[in-house]
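# Understanding the architecture of this molecule
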Amino acid sequence: MAADTTPAFLAFLQIIFIFGFSPFIVGLMRKVKARLQGRSGSPIIQPYLDLAKLLSKGESKSSTTSFIFVIAPIVGFVSVAIASVMLPILSPVSFLAVNIIVFAYLFSIGRFLTALSGLDAGSSFGGLGSSREMLYSVLIEPALFAVVLFLAASGGFNVIAPLASGGMAWEALALSPAHWIAALGLFIIILAETGRLPFDNPATHLELTMVHEAMILENSGPGLAFVEWAHASKIFLLFALIPIIFLPLSSPDPIMRSVFVLGVSLLLAMLTAVVESISVKVRLFKVGELLMLAMLLALLSFLTTLSGTGAGGAPVETALVFVMLLSSLYFVFSATFNRSVELYMIQSACLVIIFALSALSEGAPDLYFRVGTTFILKFLLIPVMLFNLFRVMPGEVKLLPTRFYNVFRATKEDLRLNLDFDPLFTGSYVTPARILAYSGILIVLAFLLSSILGGTTIMLPLVLSLILIGMLIIAVKTNLLLQLLGFLLMENGVVLLPIALPIQLPFVSDAVALFDVVILIIVAMLLALKIRGTVGTLDTKELDELIEKR
Amino acid sequence: MTPLDMNILGQPALIVSSLFFLAGAFLPLLSARNPRISSFLGFGLALAGSITALAAGIASFLGAGPQAFTLAELGQLGSLSFSIDALSGLFVSIIAFVGAAVSIYSISYADEYREKGYSLSRFAFLYNIFLLSMILVVAAQNAVLFLVLWEAMALSSFFLVTFEHKEEGVKSAGFNYLVITHVGAVALILMFLILAGGSGSADFSSFPQASYAPLLLDAVFVLALVGFGSKCGIIPLHIWLPLAHPQAPSNVSALMSGVMLKTAIYGLVRVLFGFLGIVGSGTEMWWGVAILVLGMFSSVLGVLYSLLEHDMKRLLAMHSIENIGIIFIGLGAAVIFASLKLPELAALALFACLYHTLNHALFKSLLFLGAGSIAHSTHERNIEELGGLAKLMPVTAVLFLLGSASIAAIPPLNGFVSELLTFEALLGGVSIPAPVSLILSLAVLFLALTSALAVGAFVKAFGIPFLGLPRSPHAMKAKEAPASMLAGMALLALACIAAGAFPAVIAQAALGIFDSLGFTASSSFQLVAASEGLQTSTILLALVLGSVLVGGVAWLFGRGRRQESGDTWACGFIPVTSRMQYSAAGFAMPVTRSLNVWLDPLSKPAAYGSKLFNYTIYTPITLVYQALAPYSRIFQTGKLSDYLVYLMVTLGLVLIYALL
């Protein structure tokens, strides 16, 4: 009998655990944010006091509302309670063993009803919140399913359980960059799903900047308490997903497990608070770019896991190539020239370390020479030349077209831009979201190519991706200097090919290639200076207009 | 005699049901003077017919063995017989159940047409013929019989679509529908010619044993895809759907969207899994990929187009395209897995496809009936003119909410179950080597996008007309719908809840279908486990009990405190007017703008929806046809002597061919 009732009792305890600690997590996030902003902030237990206050008040409802407004907070609250028994927190096997899609879909009950209750009062702000929330859910869902694809490929899909308990050992997982990149992608998605900066500011009081808060403007009293409590518990549950899936949680003792999950969730809460403090809320139509980045990260992990190849005994090199690839992707967003050159320096540093490691393992003297030349040329000489170019350019080096600096003198034609499509902020022909989408296609292509070429480790597809993404950047950036940097990124990938493919090239070809690159940079810089001096701009869109129309 | 032997008066239940329908078709014509009696007779007999057909369908579905009856033996053309095996039983049950609910609804709904001056006896006649032809077409066992009934279905639905012939746009919508459905019929005739030619007989039972050349098999597949695809509205053969569904009376739209589209799915499943036996003999993978890709694009484009629509019924018609897309995704995955000799995954994918067929029939007809109630009550189909109906039509609102939640895949309702099973089938294929796993992963991402868009679309479709303030005088004068209309909708809503809460029961019952289609018992066994793994009954129970508990506690505590009710605060503007609230177009704007690339790939203004496909596919074809048409006039001389010469030449050629 005791064995029968214990699971039900533990399930009930788990609900109490989640709902009991979730206001603490929210309070901790607010406290850390306040401290980082130089204030002392309200006490960490403030959310508990708020809930108690709200529960003790009466409700003030709009007469326009219908039954939806009454049932939405309650059903949303109950649905989060049901979701909280689906995670294996207090016991290694969850009380309601379902797969992660069911868990994710359970939150859509609350979202559906809350969006409806936003429309219920007939106010503009409610509709605003509902409409934006629907946009977010549309953008989040494919990204979330990219993570689900990764979980399916790792074999951890049928139940929510640590990936380490599936086929792979924890040591192998901890060294696999795909594992952590997927966790990063999931973290970004969780930020979006829970409505934290940079996606939505939970502390704003300006209605036009609200997304989630606008839907619940009309709620008061106990209804608002249920909504806020359910939201806090949803935050806790989503944070708890990361230790449950990505960290090895195998102890059957409920106290140990709950302490572990709570501890990691508190760490994630503090990390969220730091991320919130250093980022700004992105504009509504740019949210898709961030989520596209998260989807791309998850897809990268998925493809890596799918190809079945591992780091092949070179985990550090593989991790460094991942860093190079991520910095190439980040290049899409970089708008200033300095930032772009800094990204290039990061890539060069990774290259130097990779070459150094291979030199140490093989011990051949020409490999050390290669390390030296790479360091001198790519990490010192070329960035210095580029920074100097930036300095000696006559006048300001503007990365945006001229007319954007004359915004007050802009004509109606100029202002007829699609505000949600401003590629010029990042100096590209198309929106960053589309560039990331194309990068995704190129990464898939790289994986397919590498399986044709017979690559045995994960390095080959990653290097091919580097090359292809470098080419993409040359194609989409509108500024000559940024295109040049795209070429340099591509060249980094080419340099890594001999390591990825089991080919031994003589050192001489390395030296000649590096020398060629330096010559190319010098020629390109002179060309850029001359063009800038004659035409007055480096923006290729404006240069395009120089072509004579036949 | 087993207890499941459905013999009534010594005849198979199918004959009894056909007699009910025929009576319901012809008797009202006799009482044409009295519209009330006509509609009561017509729809009441349709209800009786549906109930008997439902009994027959469920009996076969549960394994009572195929019940057959034969109309005639036609020698070379085979025997014109009907038989309900497990697969037909499922579809007969779907058609009959939805037909029953819609018939209950129609008893009061038809009054609207009496007031407008249309003949209710004609309505009842066409309605009964339509339902009868649909039920018989999935039971037909002979190609000729199938085609005749298919045509009867098309013609009766054409006359039903153009029933309100005095309205604008009805006739052109009907004509569009007629043309496309006949293009599909031509494809089907060709397909059956190939099938019958290879097997020597037009009977369905002879097709599985025949063997066909690979090129002929590909031709059969393409013709089936065109023929059945045009009937179910897959992109790019969908342009008739958003035109025809809104113009038809709402109960007819419910039947068309909920049930008629499913007969096409039946046709595809029957051809692929029944006749060609792809589970046993294998097939080309590109077949499955083609179906999957069509499904992927239909689902995303369908729901995106619906976000742009503000006519209630057009919106729902676009959602039908979306759901047919989801069904095709499941079907395509099943064909891919069958071609790779993976029967377990194929069974799961096919189960997801059939389950979604059932669910779509239930919730789509519920939604169309709800739209009909709204139109009946407010005489308005444009949701931008409605608002606040939840207070004036509360029961309709609750039922429409259940339908919206079902189609938006909200747990624990039926839409959630079938979408999840589709996901599980697709994700099961992730371990297959590339490129199959990549295509299936892409399908997962498309399906995820569709599902999220559907939630937003139905927040809009339910929220704008039912919540907030009324946006027009029509909406302010709405009244609750009559009892029979509510009863019909309630029946469907209960079925939605049941289909969501008891997937394991449905899986258990469906095992018979898989046996008859060539799957081994072991491959279909996991379906029950997969359905149970969704725990929807537990979720439903917990949700209901929990809400009652929490709500009760909140109410108890709230009794002593001050509850206030007043106008919505709108930053000092009192009173709030209906112009201050969000409009449907504004609600959908962020999503449509973000996903602009899907809607506007040609970057031409307003080139989306039907217009895109009209521009790229249909208009060029029509122009080519119109350019070539004058050349046919060479033969049409108008002189009798010339036509006699044609006759004699053709006769001579046929005689020579027969003698050789």
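These numbers come from a predicted model, not from an experiment.

## A closer look at the overall build of chain B
Counting its secondary structure elements, chain B contains 27 helices and 5 strands. In terms of C-alpha radius of gyration, chain B reaches 26 Å, essentially the compact-globule figure of 26 Å for 660 residues. Its C-alpha atoms put chain B at 95 × 60 × 60 Å along the principal axes. Looking at chain B as a whole, 60% of its 660 residues are labelled buried. Entry remark: accessible area of chain B is about 24700 Å², with carbon and sulfur atoms responsible for 70%. In chain B, the 29 positive side-chain charges and the 29 negative ones have mean positions that sit 11 Å from each other.

## Remarks on the overall build of chain A
Counting its regular elements, chain A contains 20 helices and 1 strand. When the 550 residues of chain A are sorted by exposure, 57% land in the buried category. The long-range share in chain A, meaning contacts at least 24 apart out of those at least 6 apart in sequence, stands at 77%.

## So, the interface of chain B and chain A
Contact with chain B, which involves 74 residues of that partner, is made by 71 residues of chain A. Its largest share of buried area at the contact with chain A, chain B owes to Leu 445, Thr 568 and Tyr 582 of chain B, together 10% of the area lost on that side. For the pair chain B and chain A, the number of links is 0 salt bridges. In this structure, the connection of chain B to chain A is made through 21 residue pairs in polar contact (both at pLDDT 80 or more). Elements with a minimum of two residues in the side of chain B that touches chain A: helix 15 (389–392), helix 16 (394–407), helix 17 (414–428), helix 18 (436–466), helix 23 (536–558), strand 5 (564–566) and helix 24 (584–594) of chain B. The element contributing the most residues to the side of chain B that touches chain A is helix 18 of chain B, with 17 residues. When grouped by side-chain class, the residues that make up the side of chain B that touches chain A number 46 nonpolar, 20 polar and 8 charged. Note: strand 1 (residues 60–62) of chain A against strand 5 of chain B, 3 bridges, orientation parallel. Looking at strand 5 of chain B, one finds that Ser 60 of chain A is bridged to Glu 564 of chain B.

## Brief notes about the confidence of the model for chain A
For chain A, the mean per-residue pLDDT works out to 82, and 87% of the residues sit at or above 70. Overall, residues 402–425 of chain A carries pLDDT values under 50, and its contacts beyond four positions in sequence, including any with other chains, amount to 28 contacts.

## Section: the environment of Gly 468 of chain B
Inspection of the secondary structure puts Gly 468 of chain B in the loop between helix 18 and helix 19 (473–476). Exposure remark for Gly 468 of chain B: the relative accessible area of 6% places this residue in the buried category. Those residues in contact with Gly 468 of chain B that lie beyond four places of it in its chain are Thr 64, Leu 119, Asp 120 and Gly 122 of chain A together with Gly 387, Gly 388 and Gln 581 of chain B.

## Let's talk about the environment of Leu 294 of chain B
Residues and elements named next belong to chain B. Considering the arrangement of structural elements, one finds Leu 294 in helix 12 (residues 285–308). In the structure, Leu 294 is positioned 259 residues away from Pro 35 in sequence and 45 Å away in space, judged by C-alpha atoms. Residues within four places of Leu 294 in sequence aside, it is in contact with Leu 225, Ile 234, Ile 235 and Pro 236.

## Digging into the packing of aromatic side chains
Under the definition given, this model contains 47 aromatic pairs over all chains. With a centroid separation of 6.4 Å and an interplanar angle of 85°, the aromatic rings of Trp 286 of chain B and Trp 287 of chain B are classed as edge-to-face. Here the aromatic residues Phe 43, Tyr 105, Tyr 109, Tyr 113, Tyr 118, Phe 123, Tyr 127 and Phe 163 of chain B are joined through ring pairs into a cluster of three or more. Here Arg 370 of chain A stacks its cationic end above the ring of Phe 355 of chain A, 4.3 Å away from the centre of that ring.

## As for the pattern of salt bridges
In this structure the tally under the stated criterion is 14 salt bridges over all chains. Between Arg 562 of chain B and Glu 564 of chain B there is a salt bridge, and its shortest N-O distance comes to 3.1 Å. What emerges from the salt-bridge pattern is a single network uniting Lys 33, Arg 196 and Glu 276 of chain A.

## As for the packing of helix 5 (residues 124–153) of chain A against helix 11 (residues 287–307) of chain A
Pairs of packed helices are described in terms of their axes, by the angle between the two and the distance that separates them. Residues and elements named next belong to chain A. Relative to each other, helix 5 and helix 11 sit at 10°, their axes nearing to 8 Å. As far as their axial angle goes, helix 11 and helix 5 are roughly parallel. Here helix 5 runs over helix 11; the crossing is left-handed. In this structure, helix 5 uses Tyr 136, Leu 139, Ile 140, Pro 142, Ala 143, Ala 146, Val 147, Leu 149, Phe 150 and Ala 153 to contact helix 11, whose residues at the interface are Val 287, Gly 288, Leu 291, Met 295, Ala 298, Leu 299, Ser 301, Phe 302, Thr 305 and Leu 306. Taken together, the residues that form the contact of helix 5 with helix 11 break down as 17 nonpolar, 3 polar and no charged.

## Let's talk about the packing of helix 7 (residues 170–199) of chain B against helix 10 (residues 250–275) of chain B
Residue and element names in this part refer to chain B. Two elements in contact, helix 7 and helix 10, have axes whose closest approach is 13 Å; the angle formed by their N-to-C orientations is 20°. Judged on the interaxial angle alone, helix 10 and helix 7 are roughly parallel. As helix 7 packs across helix 10, the resulting crossing turns out to be left-handed. When helix 7 is examined against helix 10, the residues Tyr 177, Met 191, Phe 192 and Leu 195 are found in contact with a partner set consisting of Met 256, Met 260, Val 271 and Phe 275. Split into classes, the residues belonging to the contact of helix 7 with helix 10 amount to 8 nonpolar, no polar and no charged.

## Brief notes about helix 1 (residues 13–30) of chain B
For helix 1 of chain B, spanning 18 residues, the distance from its first C-alpha to its last is 26 Å, which sits close to the expected 26 Å at 1.5 Å a residue. By the burial criterion, the buried members of helix 1 of chain B are Ala 13, Leu 14, Val 16, Ser 17, Ser 18, Phe 21, Gly 24, Ala 25 and Pro 28 of chain B.

Each value, and the rule that gives it
Residue positions within a chain follow its written sequence, with the count starting from 1. Throughout, the order in which chains and ligands are written sets their labels, letters from A for the former and numbers from 1 for the latter. Note on the predicted model: pLDDT of at least 70 is required for a residue's local features to be given, and 80 or more for side-chain atom pairs to be given and counted; whole-chain, interface and lining totals, by contrast, use all residues. Working from all heavy atoms in the structure, the side-chain values ignore hydrogens and water. The numbering of helices and of strands both runs from the N terminus, where a helix is a DSSP run of H or I of at least 4 residues and a strand a run of E of at least 2. Only C-alpha atoms enter the radius of gyration, while the globule expectation follows 2.2 Å times N to the 0.38, with N the number of residues. Note on exposure labels: buried denotes an accessible area under 20% of the residue type's maximum, exposed denotes more than 50%, and partly exposed covers the range between, all computed with a 1.4 Å probe on protein chains only. Using a 1.4 Å probe, accessible areas were evaluated by the Shrake-Rupley method; residue-level cover was limited to the displayed protein chains. The charge count treats Lys and Arg as positive and Asp and Glu as negative. His and the chain ends do not count. We put the charge of a Lys on NZ, of an Arg on CZ, of an Asp on CG and of a Glu on CD. Residues count as neighbours in contact if any of their non-hydrogen atoms are within 4.5 Å of one another. Buried area: the sum, over both parts, of the accessible surface (1.4 Å probe) that disappears when the two are put together. Any carboxyl oxygen of Asp or Glu within 4 Å of a side-chain nitrogen of Lys or Arg constitutes a salt bridge here. Under this definition, polar contacts are N or O atom pairs within 3.5 Å; protein pairs additionally need one hydrogen-donor-capable and one acceptor-capable atom, and for neighbouring residues in sequence, both atoms have to be side-chain atoms. In the scheme used here, Gly and all other residues not listed as nonpolar or charged are polar, with Ala, Val, Leu, Ile, Met, Phe, Trp, Tyr, Cys and Pro taken as nonpolar and Asp, Glu, Lys and Arg as charged. A pair of strands is considered paired only if DSSP assigns at least 2 bridges between the two. Within a predicted model, pLDDT stands for the predictor's per-residue confidence, ranging from 0 to 100. Two rings from Phe, Tyr or Trp (for Trp, the six-membered ring) form a pair when their centres are within 6.5 Å of each other. A pair whose planes differ by under 30 degrees is stacked, one over 60 is edge-to-face, and the rest are tilted. A ring has a charge above it when a Lys NZ or an Arg CZ is no more than 6 Å from the ring centre and no more than 35 degrees off the ring normal. Axis lines are fitted to C-alpha atoms, over the contacting stretch for helices. Their N-to-C directions set the angle, which ranges from 0 to 180 degrees. Here roughly perpendicular refers to angles of 65 to 115 degrees, roughly parallel to angles under 35, roughly antiparallel to angles over 145, and oblique to all remaining angles. Crossing handedness: left-handed means the near helix sits turned counterclockwise from the far one by under a right angle, and right-handed means the same turn made clockwise. To estimate how far a helix should extend, the number of its residues minus one is multiplied by 1.5 Å.

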